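Notes for the structure review
What follows is each chain in one-letter form.
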Amino acid sequence: MAEEVSNKQVILKNYVTGYPKESDMEIKNSTIKLKVPEGSKAVVVKNLYLSCDPYMRSRMRKMEGSYVESFTPGSPITGYGVAKVLESGDPNFQKGDLVWGMTGWEEYSIITPTQTLFKIHDKDVPLSYYTGILGMPGMTAYAGFHEVCSPKKGETVFVSAASGAVGQLVGQFAKMLGCYVVGSAGSKEKVDLLKSKFGFDEAFNYKEEQDLNAALKRYFPDGIDIYFENVGGKMLDAVLLNMKLHGRIAVCGMISQYNLEQTEGVHNLFCLITKRIRMEGFIVFDYYHLYPKYLEMVLPQIKAGKVVYVEDVADGLESAPSALVGLFSGRNIGKQVVIVSRE
């Protein structure tokens, strides 16, 4: 008989309007059989680390035709995580393998389909890095900057939400290429982190700026070649006025808009024409075929201490709702990770 164990889960109660609250989720105990269903190619995993990501907000409402499915009220939330395989019906995975990919916000999960999982080969870095720099956010930074923006040495780069999971890496990748890099963030602590730890040339607190257009002119008197967009709204409007001819904008996210019932308009889109700007949205899924190439580039840099990564760690599955909600008020410093189990 398969072992049946208790399984703590984070459940979404109902679809969310406005800013998400901890009370939109609840912790429930259920049970799970640690066995692959008969004839299935699923894997049974023990979850170790979970990733809190801004895109998860869109999954908390009823959506049609999006690139990701809505969460199901009454069921566990799902997201990126790091897990250990306990039993496998898929020949690509063996008991004891460590993996990262889509899993449930719970202690144990049965994962199908398994093509969303990546096997972890390099274990002499912190395992939690596979929720961040070595997982989806790292690939997002790499693909958005190198593939979408086609950067060149000496160009000027602006990153919004620059101390987050993706932004902190975009800035470092740009510095490695010899670019001039400025980031915006929402607190003095984050601004200091951008300059002292991540090596940005300059950084500013957008909450202290009365006029974002003037702030950008201060840091980019000759204009911006590349904008890595994580925020949207008023920031995007100001950036459009400050882009150089033939500038590139990679649209990764728009966190300022996710909790609004009526999203803000962008007024300066005519700049796309006059300045011949290329603005392109992208989804990281489309670039996962480059993951081996990315690891080849980034692992040596991490081990040599040339790329640093800051995590904000919440301990225990019970802390997951608070950690997720905190993303939308900027409470986290760096990549928000939840530890479910250390082994």
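The model shown is predicted, which means the values in this text are computed figures rather than measured ones. (Residues numbered from 1 in each chain as written. Predicted model: local features only at pLDDT ≥ 70, side-chain atom pairs only at ≥ 80, totals over all residues. Heavy atoms only, no water.)

On to the overall build of the protein. Scanning the protein from terminus to terminus reveals eight helices and 15 strands. Its C-alpha atoms give the protein a radius of gyration of 20 Å, within 12% of the compact-globule value 20 Å for 343 residues. When the backbone C-alpha atoms are referred to their principal axes, the protein occupies close to 70 × 45 × 35 Å. Pairs at least 24 residues apart make up 69% of the contacts formed inside the protein by residues separated by at least 6 positions. Just so you have it, the protein exposes about 15,100 Å², and 51% of that area is on carbon and sulfur atoms. Across the protein, 38 positive and 39 negative side-chain charges occur, with their mean positions spaced 2 Å apart. (Helix = DSSP H or I, 4+ residues; strand = E, 2+ residues; numbered from the N terminus. Rg over C-alpha atoms; globule rule 2.2 N^0.38 Å. Contact = heavy atoms within 4.5 Å. Areas by Shrake-Rupley, 256 points an atom, 1.4 Å probe, with all protein chains shown as cover. Lys, Arg positive; Asp, Glu negative; His and termini not counted. Charge placed at Lys NZ, Arg CZ, Asp CG, Glu CD.)

Now for the packing of aromatic side chains. Enumeration over the complete set of coordinates arrives at 19 aromatic pairs. Centroid distance F118 to Y288: 5.2 Å. Interplanar angle 80°. Geometry classified as edge-to-face. Taken as a pair, F118 in strand β7 (residues 117–119) and Y288 in the loop between β13 (278–281) and α7 (291–303) lie far apart in primary sequence, 170 residues in all. Its relative accessible area of 18% is what places F118 among the buried residues. On the accessibility criterion, Y288 (16% relative accessible area) is buried. With 6.2 Å between their ring centres and 70° between their planes, F173 and Y294 make a pair best called edge-to-face. Here the residue F173 occupies a position in helix α2 (residues 167–176), and Y294 occupies one in helix α7, the gap between them amounting to 121 residues. F173 sits in the buried class, given a relative accessible area of 1%. Of the residues examined, Y294 reaches a relative accessible area of 0% and is grouped as buried. Ring pairs connect the aromatic residues Y55, Y67, Y80, W100, F118, F285, Y288 and Y291, which therefore count as one cluster. (Phe/Tyr/Trp six-rings, centres within 6.5 Å; stacked < 30°, edge-to-face > 60°. Buried < 20%, exposed > 50% of the residue type's maximum accessible area, 1.4 Å probe, protein only.)

Note: most residues except glycine have negative phi, and most peptide bonds are trans. Note the cis peptide between T112 and P113, where omega equals 0°. Of note, P113 is situated in the loop between β6 (108–111) and β7. Here the phi dihedral of H246 falls at roughly 60°; this positive angle occurs in a residue that is not glycine. Looking at the element boundaries, H246 is found in strand β12 (residues 243–251). A positive phi angle, close to 50°, is found at R276, a residue other than glycine. As for its position among the elements, R276 is in the loop between α6 (271–274) and β13.

Bringing the UniProt feature "domain: Enoyl reductase (ER)" (unreviewed entry) in the protein into the picture now. Here the UniProt-annotated "domain: Enoyl reductase (ER)" (unreviewed entry) positions come out as residues 43–338. What you have in residues 43–338 is 25% helix and 26% strand, and the ends, taken at the C-alpha atoms, are 22 Å apart. (UniProt positions renumbered as here; feature names shortened; annotations may be inferred.)

For the rest of this paragraph, the subject is helix α1 (residues 136–148). Among the 13 residues of α1, 11 are classified as buried, and the element is accordingly described as predominantly covered. For α1, the set of buried residues is M136, P137, G138, M139, T140, A141, Y142, A143, G144, F145 and V148. Of the residues flanking the end of α1, it is S150, one or two places downstream, whose phi is positive at about 45°.

In terms of burial, strand β5 (residues 98–104) is a largely internal element, seven of the seven residues being buried. One ladder, built from seven bridges, connects strand β4 (residues 78–88) with β5; its direction is antiparallel. Bridge assignment links V82 to a residue of β5, and that residue is W100. When β5 meets β7, the two strands line up antiparallel, connected through three bridges. Counted as the bridge partner of W100 is F118 from β7. (Pairing = 2+ DSSP bridges.)

Across the sheet, which stays open at both edges, the six strands sit in the order β10-β9-β8-β11-β12-β13 with parallel pairing between neighbours. At either margin of the open sheet sits one strand with a lone partner, and together these are β10 (202–205) and β13. Sheet twist, expressed as the mean angle between neighbouring strand axes with direction ignored, is 15°. As judged from the five bridges shared by strand β11 (residues 224–229) and β12, these two strands associate in the parallel manner. The partner of E229 across the bridge, within β12, is V251. The sheet strands contacting helix α3 (residues 188–196) are β9 (180–185) and β10, and the helix crosses β10 at an angle near 175°. Contacts between helix α5 (residues 233–242) and the sheet are confined to β8 (156–159), β9, β10, β11, β12 and β13, with β12 contributing the most and set at about 150° to the helix. (Axes fitted to C-alpha atoms, helices over the stretch in contact; angles between N-to-C directions.)

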